[in-house]
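Descriptive structure summary
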Amino acid sequence: MVRFRFFVEDEYGDEFFRKLVNRLKEEGLIPREIVIDAKKLPADCNKKIDRVLNASLKFGNFDKAVLIIDGDGNPKKKRESAESHIPFDLKDRVYVIVFEYEAEEWICKSLGVKCGNVKPSKALNDWLKTKKGKEYHKRDLPRFVSELDFKKLSNDPNYKLFLRILK
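Attention in this report is confined to the structure presented alongside it.

How each quantity is defined
- Residues numbered from 1 in each chain as written.
- Predicted model: local features only at pLDDT ≥ 70, side-chain atom pairs only at ≥ 80, totals over all residues.
- Heavy atoms only, no water.
- Helix = DSSP H or I, 4+ residues; strand = E, 2+ residues; numbered from the N terminus.
- Rg over C-alpha atoms; globule rule 2.2 N^0.38 Å.
- Buried < 20%, exposed > 50% of the residue type's maximum accessible area, 1.4 Å probe, protein only.
- Pairing = 2+ DSSP bridges.
- Right-handed = clockwise from strand over helix to strand, strands pointing away.
- Salt bridge = Lys/Arg side-chain N within 4 Å of Asp/Glu carboxyl O.
- Axes fitted to C-alpha atoms, helices over the stretch in contact; angles between N-to-C directions.
- Contact = heavy atoms within 4.5 Å.
- Phe/Tyr/Trp six-rings, centres within 6.5 Å; stacked < 30°, edge-to-face > 60°.
- Lys NZ or Arg CZ within 6 Å of the ring centre and 35° of its normal.
- 1 Å grid on protein atoms, 1.4 Å probe; cavity = no way out; pocket = protein on both sides within 12 Å on 5 of 7 lines; lining within 4 Å.
- Points joined across faces, edges and corners; volume = space filled by probe spheres on them.
- Nonpolar A, V, L, I, M, F, W, Y, C, P; charged D, E, K, R; others polar.

Regarding its fold elements, the chain presents 7 helices and 4 strands. Order of helices (α) and strands (β) in the chain, N terminus to C terminus: β-α-β-α-β-α-β-α-α-α-α. A compact globule built from 167 residues should have a C-alpha radius of gyration of about 15 Å, and the chain, at 16 Å, falls within 12% of that. The C-alpha extent of the chain, read off along each of the three principal axes, is 50 × 35 × 25 Å. Per-residue burial over the chain gives 48% buried out of 167 residues.

Take a look at the structure:
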């Protein structure tokens, strides 16, 4: 059994990723014996990231940690910033996933929502208003786990990395 501590940026991301991992297990895409616990990530460029990683991996009972970060249109800069806070002796046990913009990218790809130069959450909101007459709110993020189409996501680099980390 491998125990993962996920640190996610979105307020509702912890529930989203817990539900996602459970669905991936149910569908046989990752091992059932994986255990995850997800928590909200401390703010960018914050020494607290170092401390929570140490607490989870050195003093806690987690084997690996995954930082899941919104790229906000600049994923390279966000990755470099996050990686600068990983203690040297933990680098082989910490993984970083940075979305181009945000986790809603996977929802949009799954539903066939075109984003163009618009944030995926805005594109999803516009699509929902047009198709279903309702708005998207960040609190809705976990509800969309059931809408994810793993075949459509199979070419997404972050999704492939996510699966590779968990296998």
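Here strand β1 (residues 3-8) pairs with strand β2 (residues 35-40) via 6 bridges, running parallel. By the bridge assignment for β2, Val 8 is matched with Lys 40. Each parallel crossover has a hand, and for β1 linked through helix α1 (residues 13-26) to β2 it is right-handed.

Let us look at the pattern of salt bridges. A full pass over the atoms with the stated rule returns 15 salt bridges. Where Glu 15 meets Lys 19, a salt bridge forms, and the shortest distance between an N and an O atom there is 3.4 Å. Of this pair, Glu 15 and Lys 19 both sit in helix α1, 4 residues apart, which is roughly one turn of that helix. With a shortest N-O distance of 3.1 Å, Glu 102 and Lys 138 are connected by a salt bridge. You can see Glu 102 sitting in the loop between β4 (94-99) and α4 (104-111) and its partner Lys 138 sitting in the loop between α5 (120-132) and α6 (150-153), a full 36 residues away along the chain. Accessibility expressed as a relative area gives 2% for Glu 102, which makes it buried. One connected set of salt bridges, linked through shared partners, spans Asp 10, Glu 102, Glu 104, Lys 119 and Lys 138.

Take the sheet that holds β4 next. If you trace the 4 strands from one edge of the open sheet to the other, you get β2-β1-β3-β4, paired in parallel fashion. Both edges of this open sheet fall to β2 and β4, since each of them pairs with a single strand only. When the angles between neighbouring strand axes are averaged without regard to direction, this sheet yields 20°. As judged from the 5 bridges shared by β1 and strand β3 (residues 64-70), these two strands associate in the parallel manner. The residue of β3 that forms the bridge with Phe 7 is Leu 67. Here helix α3 (residues 75-83) sits on the sheet in contact with β3 and β4, set at roughly 155° to β4.

Further remarks concern the packing of aromatic side chains. Counted by the stated rule, this structure contains 11 aromatic pairs. Measuring from centroid to centroid gives 6.3 Å for Phe 4 and Phe 6, while their planes differ by 80°, and the two rings are edge-to-face. Per residue, the accessibility class of Phe 4 equals that of Phe 6, and both read buried. Judged by centre distance (5.8 Å) and plane angle (65°), the rings of Trp 106 and Phe 162 are edge-to-face. With Trp 106 in helix α4 and Phe 162 in helix α7 (residues 157-166), this pair connects stretches of sequence that are 56 residues apart. By the ring-pair criterion, three or more aromatic residues cluster together here, those being Phe 4, Phe 6, Phe 16, Phe 17, Phe 99, Trp 106, Phe 150, Tyr 159 and Phe 162. Between Arg 3 and the ring centre of Phe 62, over which it is positioned, the NZ or CZ distance is 5.0 Å.

Here we take up the layout of surface pockets. The space that makes up the largest pocket amounts to roughly 160 Å³. Lining the largest pocket, in full, are Leu 111, Trp 127, Leu 128, Lys 132, Lys 134, Glu 135, Asp 140, Arg 143, Phe 144 and Glu 147. Per-element tally for the lining of the largest pocket: the top contributor is α5, with 3 residues. Looking at the lining of the largest pocket residue by residue, the classes come out as 4 nonpolar, no polar and 6 charged.

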